[in-house]
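# Chains, contacts and geometry: an overview
Chain residues, written in single-letter form:
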Amino acid sequence: MRVSRRRPVAAALYCTLLLAAAHGAHAASAARVEVDAREAPRGIEHVHLVLPVKPGKLTLLYPKWLPGEHSPDGPVAGISGLKFSGKGQTIAWQRDLDNMHAFHLTIPSGTAELDVVFEVDAVPGATDNNALRTSTESLSLILWNQLLLYPAGAQSDDLQYTAKLRLPAGWEMGTALPRVGTTADVTQFAQVSLTTLIDSPVLSGRHFKTLELGGTPAVYLHLAADSDAALDMSAAATAQFRKLVQEATALFGATHYSEYHFLWTLSDQIGFEGIEHHQSSDNRSSERSLIDDDLRHSHNIYELLPHEYVHSWNGKYRRPVGLATGNYDAPMRGDLLWVYEGLTEYLGMVLSARSGLLSPADARNSWAEAAAWLQTRAGRDWRPLSDTAIAAQLGYTQSVGWRQRTRATDFYVESAMLWLEADTLIRTTTHGAKSLDDFCRLFHGAPSTPPKVVPYDFNDVIKALNTVMPYDWRGFWTDRLNRVRAEAPLEGLHAGGWRLAFDAEPSPVEKGESVATKTTNLYYSLGISLKDEGAAIVDVVPGTPADAAGLAPDSNVIAVNGRKYSKDVVEDALKAGGTEPRTIDLLIQKDDTFKTIEVHYAGHARHPRLERDAAAPDLLTPILSPRT
Ligand SMILES: [Zn+2]
C-alpha cells in the first residue's frame, strides 16, 4: 500500500439479476460469485453468490483483514439487502455478537447450495477508506473482497471460486484474473482459489487503454480514466515504464508472477492510493497524471507504480510471518512493516529513478522532500519507529490532523531513509563490491516462481544481510527501530554524500505535489500545510512559528496581513520581509470564532533541496542510476 505523505483528506482513494447460467466448467465444490456492476457509477454493486454447503450450522465471514491494507477495514457496514436462501426457501441469519464480519445460519437438510444475494453500497467521502466509492461515471474498480462471503474456519488457499462480472455496456477491463470468455458485457473468469480471487481486482472503464511493457513473464499496463484525453501517454513515458520492468527484474534477478498487470485509475474522484497484489497492482492517482506538466514531476505519482510493483517481490512473495495469515479473519501483525513497506518505499524510490520515471534532479528532490518531511515528525521524541509499524492498523485510518505529533505511518519514509543508510554502509564497507541490490537478489530473487508466499521473521532478515556483508545488523536495526530520538535519521543521506538544504523556491517535485494534493506546503517555514479549498490547515509542525502562535488543524486561514487568503498572498508575505524578524497576521476561523493570530517569523520561504556534501563520496547517484 502507498499513501501520500501529506494527503489533505482521508483518501478519496478509493439486482439480484441472475446472469446467464453459471459456466459449466466449475468443480462441484467451487463457489460461484456473480457481480453486476452496471450500477457501480452510482455506488452500488450487486452480488449473487452460490456456495456449496452441507446441512447444519454454518458461519460465513465477510473479509475483514485485507492484505496490503494491513488493517481490519473490510467495509462490512456497506452491505445491504443481504438475503440467504436454499432451494428457493429463505434461510434466517444472525450476525455474531462479537465479530461484526460473521453471519450465522442453519442450513436445512437436503440443501447442497446456498444462494446469497446482497449489494455493496459505497459513498464518496466515507471515513473508512475501503468503503469509499471506487467507481465514477466512466470507470470502476472491482474489489472482490467486498463482493463475497466465505465459510469460517477455512483457509483461503483451500477454497475455490469462479467469478462472473457484468460491466456497463461497452466498457473494457484489465485484470490478472484469468478469463474463460466474454459475451456481450459479461465476463466469465477461470476457477481460482479465494486467495487468488481477492488478490486480483478488475479495472474497467469506458476510456480505457492497455499497453504491453515487455518483460518475461509479460507485463501489462491498463489505464482507465475519466476522459480520453487523460490516456494520452507519451512515447517517452511508455519507454520509462518498459524500463521499470527491466530495472526491477535486473534488481531482483527473478520474478514471482506468471503475468503482471498494472491497473492505473486516473481520476480526481477516486483519489490517491496504491494496493499491491501478487500479479497486479491497483494504482490510483489524479486524472491528469500523465498529461499535466506539473503532475509529471509528482514523486507520489511517479514512485507509486514502482512501489506497488516492488511489492510483488517484497510483501507478496517474501512476507512477514505476522502478515502471512491463512484467511481474512485472522489478525495481522505489522511489526515487520519496516521491511514490507519501508524497504518497498526505498526500492520504489530507487526504481523510479533507475527507470527514468523521475529524472535524476527530480529523484534528488524527492529525497530532499522525504528528509525535510522527516524533520517535521516531532512525534519521534516519544514514539519509536517500531511502534508505528506495530500499530499500523491505527495509523492508516487515523485523522490527518496532528500526525506530526502522532507519527501515524512513519514506517514508510523513515524506514526508507534507514534502508538508504544500510545501502550506503554496505557500499562503503565493501568498497563498492556489494550493495543492497545483493540483498534483494538473495532475499527476493532466484529461482523464479509462480505466485507463492515465503514467510520470514526478523532473524531471516538479519541472516540475509549478514550473508551479503557480515556486520552487527541485529544491533543496527534494533537500535534504529527502538530508539526515541527527536532528530531525523539522515545519516544515510550524509553517508551518500548529500545534505538537506532549503531554497526560497519550490522544486518541480514540490510543485507537482502541491498540484496533486491540492495543498500549499509551508511546513518548512511557518510550519503549516493548507488545503487549497477553504485554506483549511492540514497540520501544524511542533516547534515552528505556527505552533508557537497556537494554530490548530481544521482551522481556516481567512486573511494574511489584512488581505484575503490565497496561495500567492501567503507566499508574497513570506518573500516580503526578507530575513528580518517580523509579524505575519493571520485571520483565522476556528469553529464559529474569528481571531487574528500573530505569527512571528524571520526568513524567506523554505523549500527542500539536496546539496552535495564533499565530506563523503557521492553514493546516492550510483544508487539511483540504471543497472541496464
Ligand atoms: Zn506499500
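Residues numbered from 1 in each chain as written. Predicted model: local features only at pLDDT ≥ 70, side-chain atom pairs only at ≥ 80, totals over all residues. Heavy atoms only, no water.

### Notes on the overall build of the protein
Helix and strand counts for the protein stand at 19 helices and 32 strands. Relative to the compact-globule value of 25 Å for 628 residues, the protein shows a C-alpha radius of gyration of 25 Å, a close match. Projected onto the principal axes, the alpha-carbon positions of the protein cover approximately 85 × 60 × 50 Å. Within the protein, the fraction of its 628 residues that count as buried is 60%. Accessible area for the protein stands at about 23,000 Å²; split by element, carbon and sulfur atoms hold 52% of it. For the protein, the centre of its 60 positive side-chain charges and the centre of its 75 negative side-chain charges are spaced 2 Å apart. (Helix = DSSP H or I, 4+ residues; strand = E, 2+ residues; numbered from the N terminus. Rg over C-alpha atoms; globule rule 2.2 N^0.38 Å. Buried < 20%, exposed > 50% of the residue type's maximum accessible area, 1.4 Å probe, protein only. Areas by Shrake-Rupley, 256 points an atom, 1.4 Å probe, with all protein chains shown as cover. Lys, Arg positive; Asp, Glu negative; His and termini not counted. Charge placed at Lys NZ, Arg CZ, Asp CG, Glu CD.)

### A closer look at the sheet that holds strand E10 (residues 150–151)
Where strands meet in a sheet, backbone hydrogen bonds hold them as pairs that are either parallel or antiparallel. Taken together, the 4 strands give an open sheet; going across it, the order is E6-E7-E3-E10, and neighbouring strands pair in antiparallel fashion. Of all the strands in the sheet, just strand E6 (93–95) and E10 have a single pairing partner and so form its edges. Taken together, the 2 bridges between strand E3 (residues 56–61) and E10 define a ladder with antiparallel strand orientation. Residue pairing for E10: Leu60 is matched across the bridge by Pro151. (Pairing = 2+ DSSP bridges.)

### Considerations on unusual backbone geometry
Geometrically, the link from Thr216 to Pro217 is a cis peptide bond, its omega value of -5 degrees lying close to zero. Here Ala446 and Pro447 are connected by a cis peptide whose omega angle stands at 0 degrees. Non-glycine residue Arg407 carries a positive phi angle of around 85 degrees. Look at Arg407 and you get buried, because its relative accessible area is 0%. Backbone geometry at Asp591 places phi at a positive 50 degrees, although glycine is not the residue there. Among the structural elements, Asp591 can be located in the loop between strand E30 (581–590) and strand E31 (593–602).

### Topic: the packing of aromatic side chains
Two measures describe an aromatic ring pair: the distance that separates the ring centres and the angle between the ring planes. Tallying each qualifying case throughout the model produces 29 aromatic pairs. Here a set of aromatic residues connected by ring pairs shows up, and it is made of Trp338, Trp419, Phe439, Phe443, Tyr456, Phe458, Tyr471, Trp473, Phe476 and Trp477. Across from the ring centre of Tyr302, 3.9 Å away, lies the NZ or CZ of Arg296, which sits over that ring. Taking the ring centre of Phe502 as reference, the NZ or CZ of Arg606 above it sits at 3.9 Å. (Phe/Tyr/Trp six-rings, centres within 6.5 Å; stacked < 30°, edge-to-face > 60°. Lys NZ or Arg CZ within 6 Å of the ring centre and 35° of its normal.)

### Notes on the pattern of salt bridges
The full count for this structure, using the stated rule, is 25 salt bridges. Its salt-bridge partner being Arg380, residue Glu414 comes within 3.0 Å of it at the nearest N-O pair. Highlighted residues: Glu414 in helix H11 (residues 413–429) and Arg380 in the loop between helix H7 (360–375) and helix H8 (385–390), separated in sequence by 34 residues. Each member of the pair, Glu414 as well as Arg380, is classed as buried. (Salt bridge = Lys/Arg side-chain N within 4 Å of Asp/Glu carboxyl O.)

### Description of the coordination of the zinc ion
Ideal values for angles at a metal depend on the geometry: 109.5 degrees with four tetrahedral donors, 90 or 180 degrees with six octahedral donors. Here the zinc ion is held by Met1 (N), Met1 (O), His307 (NE2), His311 (NE2) and Glu341 (OE), and the distances to it run 2.0 to 2.5 Å. Take His307 and His311: they sit in the same class, and that class is buried. (Donors = N, O, S within 2.8 Å, 3.2 Å for Na, K, Ca; no water.)

### Concerning the pairing of strand E18 (residues 219–225)
Summarising burial for E18: 7 of the 7 residues are buried, a large majority. Bridging between strand E17 (residues 207–212) and E18 involves 6 bridges; their strand directions are antiparallel. For Thr210, the partnering residue across the bridge sits in E18 and is His222. Two successive antiparallel strands, E17 and E18, enclose a turn made up of 6 residues, where Gly214 displays a positive phi of approximately 75 degrees. Relative to strand E19 (residues 260–266), E18 is paired through 7 bridges, and the arrangement is parallel. Within the sheet, the bridge partner assigned to Leu221 lies in E19 and is Phe262. A crossover connection joins E18 to the parallel E19 through helix H2 (residues 235–252); in handedness this β-α-β unit is left-handed. (Right-handed = clockwise from strand over helix to strand, strands pointing away.)

### Brief notes about the confidence of the model for the protein
Confidence in the prediction of the protein, expressed as mean pLDDT, is 94, and 95% of residues score 70 or more. In this model residues 6–27 is a low-confidence stretch, pLDDT under 50, and it forms 75 contacts with partners more than four residues away in sequence or in other chains. (pLDDT = per-residue confidence, 0-100. Contact = heavy atoms within 4.5 Å.)

### A short note on the pairing of strand E25 (residues 519–522)
Of the two faces of E25, the one carrying Thr519 and Asn521 and the one carrying Thr520 and Leu522 are both buried. The turn linking E25 back onto strand E26 (residues 528–531) is made up of 5 residues, and Gly527 within it adopts a positive phi angle of 105 degrees.

### Some points on the environment of Ile390
Assignment of secondary structure puts Ile390 in helix H8. Here Ile390 falls in the partly exposed class, since its relative accessible area comes to 49%. Separated by 201 residues in the primary sequence, Ile390 and Asp591 place their C-alpha atoms 34 Å from one another. Leave out the neighbours within four places in its chain, and Ile390 touches Gly334 and Asp335.

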